[in-house]
Amino acid sequence: MPSSLALLLWFVCLVALLRFDPARDSRTSLALWVPLAWMFIVATRLPSQWFGGQVGVTASAAFEEGNSLDRAIFVSLIILSFIILLMRSFNWGGFIGRNFFLAIFLLFALTSVMWSDFPFVAFKRWFRDFGDYLVILLVVSDPRPIEAVRTLLRRLCFLFVPLSILLVKYFPNIGKQYEFWSGNNMFVGAATSKNMLGVACLVSGVYFFWDTLSRWPDRRERRVKPAILVNLLLIAMTLYLLNLSNSATSKVCLALGCLVVAAANFRWIKRHPGILRISIPIVLCAYMILQFGFGINGEIAGMVGRNANLTGRTDLWKVLLGMHTNAALGTGYESFWLGPRLAYVWQSFTTGINEAHNGYLEVYLNLGFIGLLLLSVFLIASYRNIGKALSSGFSLGSLSLALWTVLLFYNVTESAFRGSQLMWVVFLLGAMAVSQRVQERVPAASAPSLATLRTLPLQPTTLER
């Protein structure tokens, strides 16, 4: 089939999915197209890269300069998000009160600009990443937040998954890259690397698995059955892409996320949700003991076809820890991979790398132990809120719990505690709690919060009946 015809067929199928999706809810706000545009950029490539810019740039200056087109689009989306929130009379004070530890973490990140070697670059990156939180607020402050989350993730996957297959099969100059050392094919689809393709497939797989299980009890209803069939089709496409990406971390995390979702939907667990809430921290602590005591990561890597040093990650971590950055404060927000430090890593390890491949180490390098502590407190607080939502029977509780669990394990070998990272942005959908004023405006048929249920009585929504 000619590539031009394949592109036309993809576009027709995309329009049909968006317009005639059996799970489509026409009552969701038009403002959801703003976070969709933002998250599509995060999941795929920068606008300048779509218009012919280089993917996988190795020049260190590129990490500092950025691109004027990218800045214009990001700033436009940020301003538009802020205007919509103002039109909704969003209660900023209530939001900060309910997300106090997240606010402190962001404030400390902003303050760290002062001791960065590149303060202007650090501030620009902080401002760009602040847009992540604004666009997520558009979703969680929607009058129908449950439907808003479903719609956003569904549209994102409809855009990303078929497009990636199209690029891999019919536009290999875009959908494929070549490994730096071996020269072997590396499938990236609409993303910028195989790992980014993997994390997008991870999000898609967890979402569609959760959505299918949540609809399964009503599978005989006229609208639900075709929605499940669409889900199964997208799951098959997602697994095909995930296999092409060859991302071991995403494969393991997808299995883990689906396991958490399945456990949360067991009838016995639904009656005793506290068991699952306690089990996950216990498993996490056991994993940490096995890792630091027995190096279990090497064994897991061997099971998924990787070497014991996690494809060179352990060697990289030794190099990074040996650089002796400021232990308390770090180098400043997103400032480590700049200037002489970047040149040193490229000289000591390999050219082209610009992340620690460990989210905890990444935060330590940029924000020190203080930043890592603030992030940990926020994660603990978000888990507490998600646990309350799960115990209250909140329909997004199991998805939020799965994303929380996956995020912690994913960051062992990848860096996702960062702005403009798809895993982090999607996690915020379930971790951020909206303010009381927004909750009071939400109808009883909708959920009052995406992370914490308060005292408002909940009735089943249309999609949940």
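Now for a look at the structure at hand. Bear in mind that the values here come from a model prediction, so they are computed numbers and not experimental data.

Broken down by element type, the protein carries 22 helices and 2 strands. Per-residue burial over the protein gives 54% buried out of 465 residues. Counting every atom, the protein has about 20,600 Å² of accessible surface; 67% of that belongs to carbon and sulfur.

What follows covers the environment of phenylalanine 349. Mapped onto the elements, phenylalanine 349 comes out in the loop between α18 (339–348) and α19 (359–391). Each C-alpha atom, one on phenylalanine 349 and one on leucine 316, is 6.7 Å from the other, the two residues being 33 residues apart in sequence.

Right, let's talk about the environment of leucine 167 for a bit. With respect to the secondary-structure elements, leucine 167 resides in helix α9 (residues 145–170). Taking C-alpha positions, leucine 167 is 9.0 Å from leucine 7, a pair spaced 160 residues apart along the chain. With near-sequence residues (within four places) excluded, leucine 167 lies in contact with Trp50, Pro172, Ile174, Gly175, Gly189 and Ala190.

To continue, consider empty space enclosed by the protein. The full count for this structure, using the stated rule, is 4 cavities of 30 Å³ or more. Estimates place the volume of the largest cavity at around 150 Å³. As for the largest cavity, its lining consists of 17 residues, of which Phe105, Tyr333, Phe417, Arg418 and Gly419 are closest to the centre. Within the residue set of the lining of the largest cavity, elements represented by two or more residues are α7 (100–111), α8 (119–140) and α19. Residues of the lining of the largest cavity, tallied by class, amount to 11 nonpolar, 2 polar and 4 charged. Of the voids in this model, the second largest cavity is the one considered here, and its volume is about 130 Å³. Asp21, Ala23, Arg24, Thr151 and Arg154 are, among the 14 residues lining the second largest cavity, the residues nearest its centre. When contributions to the lining of the second largest cavity are tallied by element, the ones reaching two or more residues are α1 (3–20) and α9. Residue contributions to the lining of the second largest cavity peak at 6 residues, all from α9. When grouped by side-chain class, the residues that make up the lining of the second largest cavity number 5 nonpolar, 1 polar and 8 charged.

It is worth spelling out α19 at this point. For α19, built from 33 residues, the straight-helix expectation of 48 Å at 1.5 Å per residue is missed by more than 12%, its first-to-last C-alpha distance being only 29 Å. At leucine 367, α19 shows its maximal bend, which comes to roughly 125°. You can read the cap of α19 off the contacts: a side-chain oxygen lies 3.0 Å from the backbone nitrogen of tyrosine 360, and it is on asparagine 358.

Before going further, it helps to spend a moment on the side chain of glutamate 147. Here glutamate 147 lies in helix α9. Polar contacts involving the side chain of glutamate 147 include one to the side chain of arginine 144, which spans 3.2 Å.

Those residues of helix α17 (residues 313–321) not exposed but buried are Arg313, Leu316, Trp317, Val319 and Leu320. Buried positions in α17, seen along its axis, are confined to an arc of 160° and lie on one side of it. Those residues of α17 that are buried lie in contact with α11 (194–215), α18 and α19.

So, about a nonpolar patch on the surface. On the surface, Met1, Leu5, Leu8, Leu9, Phe11, Val12 and Val15 cluster together to form a nonpolar patch covering roughly 650 Å² of accessible area. With respect to the helices and strands, leucine 5 occurs in helix α1. Take leucine 5: its relative accessible area is 38%, and that puts it in the partly exposed class.

For the structure shown, the criterion picks out 19 aromatic pairs. The interplanar angle of 65° and the centroid separation of 5.0 Å between the aromatic rings of tryptophan 38 and phenylalanine 74 together place this pair among those described as edge-to-face. Of this pair, tryptophan 38 sits in helix α2 (residues 33–43) while phenylalanine 74 sits in helix α5 (residues 68–87); the two residues are 36 residues apart in sequence, bridging distant segments of the chain. Centroid distance phenylalanine 90 to tryptophan 92: 5.0 Å. Interplanar angle 75°. Geometry classified as edge-to-face. Phenylalanine 90 sits in the buried class, given a relative accessible area of 6%. Ring-pair connections join several aromatic residues into one group, and the members of that group are Tyr360, Phe378, Phe417, Trp424 and Phe427. Here arginine 45 stacks its cationic end above the ring of tryptophan 50, 5.4 Å away from the centre of that ring. Its guanidinium or amino end placed over the ring of tryptophan 33, arginine 155 lies 4.2 Å from that ring's centre, counting from NZ or CZ.

With the rule as written, the count across this model stands at 11 salt bridges. Note that aspartate 25 is salt-bridged to arginine 144, the shortest N-O span being 3.7 Å. In this pair, aspartate 25 sits in the loop between α1 and α2 while arginine 144 sits in the loop between α8 and α9, placing the two residues 119 residues apart along the sequence. For the pair shown, aspartate 25 and arginine 144 are each scored as buried. Arginine 418 is paired through a salt bridge with glutamate 334; the nearest N and O atoms lie 3.6 Å apart. With a gap of 84 residues between them, arginine 418 in the loop between α20 (397–410) and α21 (422–431) and glutamate 334 in the loop between α17 and α18 connect regions that are remote in the sequence.

Reading guide: rules and limits
Residues numbered from 1 in each chain as written. Predicted model: local features only at pLDDT ≥ 70, side-chain atom pairs only at ≥ 80, totals over all residues. Heavy atoms only, no water. Helix = DSSP H or I, 4+ residues; strand = E, 2+ residues; numbered from the N terminus. Buried < 20%, exposed > 50% of the residue type's maximum accessible area, 1.4 Å probe, protein only. Areas by Shrake-Rupley, 256 points an atom, 1.4 Å probe, with all protein chains shown as cover. Contact = heavy atoms within 4.5 Å. 1 Å grid on protein atoms, 1.4 Å probe; cavity = no way out; pocket = protein on both sides within 12 Å on 5 of 7 lines; lining within 4 Å. Points joined across faces, edges and corners; volume = space filled by probe spheres on them. Nonpolar A, V, L, I, M, F, W, Y, C, P; charged D, E, K, R; others polar. Expected span 1.5 Å × (residues − 1). Bend = angle between axes of the 7 residues up to and from the residue. Polar contact = N/O pair within 3.5 Å; in protein donor to acceptor, adjacent residues only side chain to side chain. Arc of directions from axis to C-beta. Patch = residues over 30% accessible without salt bridge, like charges linked within 9 Å, V, L, I, M, F, W, Y side chains within 5 Å. Salt bridge = Lys/Arg side-chain N within 4 Å of Asp/Glu carboxyl O. Phe/Tyr/Trp six-rings, centres within 6.5 Å; stacked < 30°, edge-to-face > 60°. Lys NZ or Arg CZ within 6 Å of the ring centre and 35° of its normal.

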